[in-house]
Amino acid sequence: MRNKLNIKQMKMKRLILSVTSIGMITILTSCGGVAGDKPTAENKTAAIDMKVTGEAKVAEVTSAPNVPAPVGDRGPQKWIVNLETTEIEAEIADGINYTFWTFNNTVPGSFIRVREGDEVELRLKNAANSVLPHNIDLHAVTGPGGGAEATSAAPGQEAVLHFKALNPGLYVYHCAAPPVPMHIGNGMYGLILVEPAGGLPKVDREYYIMQGDFYTKAAAKAGLTEFNNDKAVAEEPDYVLFNGKKGSLLGKNMIEAKVGETVRLFVGNGGPNLTSSFHVIGEIFDNVYLEGGSTVSHNVQTTMIPAGGSAIVEFKVDYPGQYVLVDHSLSRAFNKGAIGKLKVTGEANPLIFNKGKK
Amino acid sequence: MKPATYILLLLSLLAQSACTKEKPHDEKQGEVVRASIGPIKTTVKMVYIPGGEYMPFYGAIDSNAVKVPAFLIDERAVTNEEFLSFVTANPQWRKSSILRIHADTNYLRDWPSDLELPKDARPDAPVCFVSWFAAKAFAKSAGKRLPTLDEWEFIAMADADTFNARSKKQYSDAIIQLYMEKGRQFKPVKQSAPNYWGVYNVFDLIWEWTDDFNSIMSIGDSRTGGENNNKDLFCAAGATSASEVNNYAAFMRFGMRTAVKAHYTIANMGFRCAKDTSNQTTQ
Ligand SMILES: [Cu+2]
């Protein structure tokens, strides 16, 4: 149990934080004369009323498995988020290229990190050499279509969406241009994290992982394949992948941590079709923010991540070794690519784990 | 997002935007265009399309087919050299003098000067980076008009062998294959096989402007009812038949049409002209 101390502290800190924020909300709402007893309603009112300070700055966005710096205790601010929609050829598995459609040339698209009350100017540019129009529907956005209609951009055009982040949580964003399953199936999704006021509790490591299912044709040209509508409709993917590529979290691409560190994984599922049974072999999730929302469950072995949904999982790594990340619908892991690794280095504590002698 | 909203997005995102968009048919604008257009001669062959009933991709909710009257259509898209002759005869449509309301700043983007085609461009490749206004003006100057969306989609039902191939398994897939090829707009016209009607390059070179590209819901809709019905119509369209839901190629076309405005100029968007059959002998 000694080893779980950090996580306990984390939990305690979050409890304090949430107590603090409830206190703040109470103050805010009582000032505004709003008398509600539902915490969510109060929360919403509070975020709307949060005033931003300073000029708009360009937000740092990152490609998986990296995430931008935590928001910490900063106040609400204005941000410019730049995303470019592109249609590119990139490797999906050993020696096989696929025509991906992306946000910022990666699958998943860039990780966006803001806090509640932040005001975001999202600039969506569609590359001039795109064949199709694209747009963005952010599940973090309150408003028609999550911004999809407002951001519809023809090839070479740019569209702008302004929104205020009202609800904290980890949200999927995706392209919603018709036909949607094809745009998502080609990789047009990513995550946007809206941290609560005061930020998420501090951890030692944070990573960005997003699952997607891919449906391919028998390669038309040598080594290049593309979206297969029939397989997509049948929901029979050839690949189920973390971060858009077989082996994206294996070998030299393994994510890493040291014994004693706390790890937080921002896990999304772009779909378009499959629900993920996310599991880390040999670890137990100390905390899971269920479906990326505000309810935290503890001591979870496997967590469901719906298509178009997410989860934040946290655990402390107590023992060195390679921990395998899978979709525990295991044919996907063993046959279709839904497998990655977390490499933990450090000293082994035989009390925690010890291979018995003959 | 609520499930209803989601379905709406999935199948009819375009409908929402189509409904709220202004129609480009501004009478005054049209007057200006008409008054000042210098005629040009084009030699492109026009194909007679007898017309007929067809089920619009979008509006088949109560199985009402739309009647498309007979018309003539250019067998291929307007080419770079044809557009050069148009701007030569019509200085107001050159890239240095076109009004910003008629075309965005990318108009004829790669032309080094007003009367010079892009260095690498083939004269017989389709002209791109042209706005709807410019396309309409070109058509006028050629004594023609832009095809209506229904006319265009009527032709698009055909494959090489039949006038309506929409129920064929490979129909949509084959088109998407063509759509996905980058840089296809630089190829010359008429290098691939024509469709059933003898019309070339319906899918394999460019997106094409249609006269009423952004009034999808109000044109050719046989339902009575006002604006409010449009969305319903479109939502339900997805449920009419599986083959139509799987017509991803059509979703892409409609997605494209609803993503553009009349002054936009796009790297892979051009046009071809049409004409009423009654005018057939007057030109
Ligand atoms: Cu897209």
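Our structure is the block above this text.
What counts, and at which threshold
Once a new chain begins, its residue numbering starts again from 1 and follows that chain's sequence as written. Chains and ligands are labelled by the order in which they are written, letters from A for the one and numbers from 1 for the other. This being a predicted model, a pLDDT of at least 70 is required before a residue's local features are given, and a value of 80 or more before pairs of side-chain atoms are given or counted; all residues contribute to the totals for chains, interfaces and linings. Remark: hydrogens and water are excluded; side-chain values derive from all non-hydrogen atoms of the structure. Helix and strand labels come from DSSP, where a helix needs a run of H or I of at least four residues and a strand needs a run of E of at least two; each type is numbered from the N terminus. Exposure categories follow from relative accessible area, calculated using a 1.4 Å probe and restricted to protein chains: below 20% of the type maximum is buried, above 50% is exposed, and the middle band is partly exposed. Contacts were defined at the residue level, with two residues in contact if any of their heavy atoms lie within 4.5 Å. Per-residue and other accessible areas were derived by the Shrake-Rupley procedure at a 1.4 Å probe size, with only the shown protein chains allowed to occlude residues. By the convention used here, strands pair only if DSSP detects at least 2 bridges between them. Angular values range over 0 to 180 degrees, each being the angle between N-to-C directions of two axes fitted as lines to C-alpha atoms, with helices fitted over their stretch in contact. Patch membership is restricted to residues that have no salt bridge and whose relative accessible area is over 30%. Joining uses 9 Å for like charges and 5 Å for the nonpolar side chains Val, Leu, Ile, Met, Phe, Trp and Tyr. The working definition used for a salt bridge is a side-chain nitrogen of Lys or Arg within 4 Å of a carboxyl oxygen of Asp or Glu. Both cavities and pockets are sets of points on a 1 Å grid over the protein atoms alone; in a cavity a 1.4 Å probe fits but cannot get out, in a pocket the set is open with protein on both sides within 12 Å along at least five of seven lines, and lining residues sit with an atom within 4 Å of a point. Grid points are joined across faces, edges and corners, and a volume is the space filled by probe spheres set on the points. Each residue is assigned to one class: nonpolar for Ala, Val, Leu, Ile, Met, Phe, Trp, Tyr, Cys and Pro, charged for Asp, Glu, Lys and Arg, and polar for all the others, Gly among them. Only buried residues count toward a nonpolar core, which is a set of Ala, Val, Leu, Ile, Met, Phe, Trp, Tyr and Cys residues joined through side-chain atoms within 4.5 Å. The buried area of a pairing is the accessible area, by a 1.4 Å probe, that goes missing from both parts when the two are put together, added over both. Any pair of N or O atoms that falls within 3.5 Å is considered a polar contact. Within protein, one atom must be able to donate a hydrogen and the other to accept it, and sequence-neighbouring residues count only if both atoms are side-chain atoms. Here roughly perpendicular refers to angles of 65 to 115 degrees, roughly parallel to angles under 35, roughly antiparallel to angles over 145, and oblique to all remaining angles. Here a donor is an N, O or S atom found within 2.8 Å of the metal, or within 3.2 Å if the metal is Na, K or Ca; sites may look incomplete because water is not among the atoms. Irregular is the default label, applied whenever a site is not tetrahedral (four donors, all angles between 85 and 135 degrees) and neither square planar nor octahedral (four or six donors, opposite donors over 155 degrees apart, all other angles between 65 and 115).

Caption draft 1: Looking closely at the overall build of chain B. When helices and strands are counted, chain B shows 9 helices and 7 strands. For chain B, the residues scored as buried account for 54% of the 283 residues in total. Sequence-distant contacts in chain B: of pairs separated by 6 or more residues, those separated by 24 or more amount to 77%. Accessible surface, chain B as shown: approximately 12000 Å² in total, 54% of it carbon and sulfur.

Caption draft 2: Summary view of the overall build of chain A. In terms of helices and strands, chain A carries 5 helices and 21 strands. Per-residue burial for chain A yields a buried fraction of 54% across its 358 residues. Taking the intrachain contacts of chain A between residues at least 6 apart in sequence as the baseline, contacts between residues at least 24 apart amount to 72%. Approximately 15000 Å² of chain A is accessible, and the part contributed by carbon and sulfur atoms is 55%.

Caption draft 3: Focus on the sheet that holds strand β20 (residues 321-327) of chain A. Residues and elements named next belong to chain A. Pairing is mixed in the open sheet, where 5 strands are placed in the order β13-β21-β20-β15-β18. Each having just a single partner strand, β13 (255-258) and β18 (302-305) make up the two edges of the open sheet. The mean angle between the axes of side-by-side strands here comes to 20°, regardless of whether they run parallel or antiparallel. In this structure, β13 lies alongside strand β21 (residues 339-345), joined through 4 bridges in parallel fashion. Looking at β21, one finds that Ala-257 is bridged to Val-344.

Caption draft 4: Region of the structure containing unusual backbone geometry. Residues and elements named next belong to chain A. Cis peptide bonds are those with omega within 30 degrees of zero, and the linkage from Ala-64 to Pro-65 qualifies with 5°. Mapped onto the elements of the fold, Pro-65 is located in the loop between β1 (53-58) and β2 (77-93). Residue Pro-272 is bonded to the preceding Gly-271 through a cis peptide linkage, with omega at 15°. With respect to the secondary-structure elements, Pro-272 resides in the loop between β14 (262-271) and β15 (276-281). In this structure, Glu-291 is a non-glycine residue whose phi angle is positive, near 50°.

Caption draft 5: Quick look at a nonpolar patch on the surface. Together, A:Leu351, A:Ile352 and A:Phe353 line one region of the surface with nonpolar side chains, adding up to about 360 Å² of accessible area. Turning to its location among the elements, A:Ile352 is positioned in the segment after β21.

Caption draft 6: Representation of the environment of A:Gln77. Residue and element names in this part refer to chain A. Looking at the element boundaries, Gln-77 is found in strand β2. With 222 residues separating them along the chain, Gln-77 and Asn-299 place their C-alpha atoms 35 Å apart. In this view, Gln-77 contacts Val-52, Thr-53, Lys-57, Asp-118 and Glu-119; residues no more than four positions away in its chain are not counted.

Caption draft 7: Here's a closer look at empty space enclosed by the protein. Residue and element names in this part refer to chain B. By the definition in use, this model includes 5 cavities of 30 Å³ or more. Space inside the largest cavity adds up to approximately 70 Å³. Lining the largest cavity, in full, are Trp-152, Tyr-179, Val-202, Ile-206, Trp-207, Glu-208, Arg-253, Met-256, Arg-257 and Met-269. If you list the elements that add at least two residues to the lining of the largest cavity, you get β5 (207-208) and α9 (248-259). Taken together, the residues of the lining of the largest cavity break down into 7 nonpolar, no polar and 3 charged.

Caption draft 8: Structural context of the nonpolar core. If you look at the biggest cluster of nonpolar residues, it comprises 122 residues, and the most contacted ones within it are A:Leu138, B:Phe83, B:Tyr107 and B:Phe271. A total of 8 residues in this core trace back to one element, the largest contributor, which is α9(B). Discounting residues that sit within four places of it in the chain, B:Tyr107 has contacts with B:Phe83, B:Val87, B:Trp93, B:Arg94, B:Lys95, B:Ile98, B:Phe129, B:Val130, B:Ser131, B:Ala134 and B:Thr265. If you look at the next biggest cluster of nonpolar residues, it comprises 27 residues, including A:Tyr207, A:Ile255, A:Val288 and A:Val300.

Caption draft 9: Structural context of the pattern of salt bridges. Under the definition given, this model contains 30 salt bridges over all chains. A salt bridge links A:Arg205 to A:Glu261, with the shortest nitrogen-to-oxygen separation between them at 2.7 Å. In this pair, A:Arg205 sits in strand β10 (residues 205-214) while A:Glu261 sits in the loop between β13 and β14, placing the two residues 56 residues apart along the sequence. Taking relative accessible area as the criterion, A:Glu261 reaches 17% and is therefore assigned buried. Of the charged contacts in the structure, one is a salt bridge between B:Glu151 and B:Arg145, with a shortest N-O distance of 2.8 Å. Note on B:Glu151: relative accessible area 6%, which makes it buried. A relative accessible area of 22% places B:Arg145 in the partly exposed class. The structure contains a network of salt bridges with shared partners spanning A:Arg113, A:Glu195, A:Glu206, A:Arg264 and A:Glu314.

Caption draft 10: The arrangement of the interface of chain B and chain A in detail. Every contact between the two is made by 34 residues of chain B and, on the other side, 34 residues of chain A. Both faces considered, chain B and chain A share a buried interface measuring about 2800 Å² in area, 60% of it formed by carbon and sulfur atoms. The tally of links from chain B across to chain A stands at 3 salt bridges. Where B:Asp173 meets A:Lys217, a salt bridge forms, and the shortest distance between an N and an O atom there is 4.0 Å.

Caption draft 11: Seen up close, the side chain of B:Asp159. Residue and element names in this part refer to chain B. Within the element layout of this structure, Asp-159 appears in the loop between α5 (149-156) and α6 (171-179). A polar side-chain atom of Asp-159 sits 2.9 Å from the main-chain amide nitrogen of Asp-161. Contacts of Asp-159, omitting those with residues within four sequence positions, involve Ala-165, Lys-168, Asn-195 and Tyr-196.

Caption draft 12: Local environment of the packing of α6(B) against α9(B). All names here are of chain B. At a closest axis distance of 7 Å, the pairing of α6 and α9 adopts a crossing angle of 50°. Overall, the two elements α6 and α9 adopt an arrangement that is oblique. Side by side, α6 and α9 meet where Tyr-171, Ser-172, Ile-175, Ile-176 and Tyr-179 of the first sit next to Tyr-248, Ala-249, Met-252 and Arg-253 of the second. Counted by class, the contact of α6 with α9 contains 7 nonpolar, 1 polar and 1 charged residues.

Caption draft 13: Spatial organisation of the coordination of the copper ion. Residues and elements named next belong to chain A. At this site the copper ion is bound by His-134 (ND1), Cys-175 (SG), His-183 (ND1) and Met-188 (SD), with donor distances of 2.0 to 2.4 Å. Its 4 donor atoms give the copper ion angles of 89 to 132° at the centre, a pattern that matches the tetrahedral case. All donors to the copper ion come from one chain, and their sequence spacing reads H-x40-C-x7-H-x4-M. For the pair shown, His-183 and Met-188 are each scored as buried.

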